[in-house]
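In case you want the letters, here they are:
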Amino acid sequence: MAIETVKTAFDSVKFLKDMFNGHVDGVAKEKVAELQQQSNQKVLDIQQALMELQAEIFRYQEENSQLSEQLKVYTDLNEKLEKYELCVFRRL
C-alpha cells in the first residue's frame, strides 16, 4: 500500500510537471510568435523606409541632371561670350 501511495504521488507530480511544462511551452511559443510578428513588422518598416529613400534619391538624381544640363548651357553661353569679347577687343 505504501508503494502504491508513493507511485500515485509520483504519477501526480509527473502529471503536474508535464502540465507545467506544457504551459511553459505554450507561453514560450506565444512569445516566439509575438517576437516574430514584431520582427516582421520591423522588416516591413525598414523596407518602406528604403523605398522612400530610393524615391528621394531618384528625385535628387533628376534634379541633379536638370542642373547639369543648365550648367552646360550656361557654360556654352559663357564660352561664346568670351569669344565674342575677344573678337570685340581685337577690333579695338
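Keep in mind that what you see is a predicted model, and the values were worked out from it rather than measured.

A.B. asks: Help me understand the overall build of the protein chain in this model?
C.D. replies: Looking only at helices and strands, the protein chain has 1 helix and 0 strands in total. Taking 2.2 N^0.38 as the reference for a compact globule, 92 residues should give roughly 12 Å; the C-alpha atoms of the protein chain span a radius of gyration of 39 Å, well beyond that estimate. Considering only C-alpha atoms, the protein chain reaches an extent of 135 × 15 × 10 Å along its principal axes. Residue burial in the protein chain is summarised as follows: out of 92 residues, 0% are buried. Within the structure as shown, the protein chain displays about 9,100 Å² of accessible surface, and the carbon and sulfur contribution to it stands at 62%. If you average the places of the 12 positive and of the 16 negative side-chain charges in the protein chain, the two averages end up 5 Å apart.

A.B. asks: Just to check I follow, could you spell out a nonpolar patch on the surface for this structure?
C.D. replies: A cluster of nonpolar residues, Ile-46, Leu-50, Leu-53 and Ile-57, forms a patch on the protein surface that exposes about 380 Å² of accessible area. Relative to the elements of secondary structure, Ile-46 occurs in helix α1 (residues 2-91).

A.B. asks: So what exactly am I meant to see when it comes to the pattern of salt bridges here?
C.D. replies: Where charged atoms from two side chains of opposite charge come close, those side chains can pair. Summed over all chains, the structure comprises 2 salt bridges. The closest approach of N and O atoms between Lys-72 and Asp-76, which form a salt bridge, is 3.2 Å. With a gap of 4 residues between them, Lys-72 and Asp-76 both fall in helix α1, about one helical turn apart. For Lys-72, a relative accessible area of 53% corresponds to the exposed category. Asp-76 gets classed as partly exposed once you look at its relative accessible area, which sits at 32%.

Cut-offs applied
- Residues numbered from 1 in each chain as written.
- Predicted model: local features only at pLDDT ≥ 70, side-chain atom pairs only at ≥ 80, totals over all residues.
- Heavy atoms only, no water.
- Helix = DSSP H or I, 4+ residues; strand = E, 2+ residues; numbered from the N terminus.
- Rg over C-alpha atoms; globule rule 2.2 N^0.38 Å.
- Buried < 20%, exposed > 50% of the residue type's maximum accessible area, 1.4 Å probe, protein only.
- Areas by Shrake-Rupley, 256 points an atom, 1.4 Å probe, with all protein chains shown as cover.
- Lys, Arg positive; Asp, Glu negative; His and termini not counted.
- Charge placed at Lys NZ, Arg CZ, Asp CG, Glu CD.
- Patch = residues over 30% accessible without salt bridge, like charges linked within 9 Å, V, L, I, M, F, W, Y side chains within 5 Å.
- Salt bridge = Lys/Arg side-chain N within 4 Å of Asp/Glu carboxyl O.

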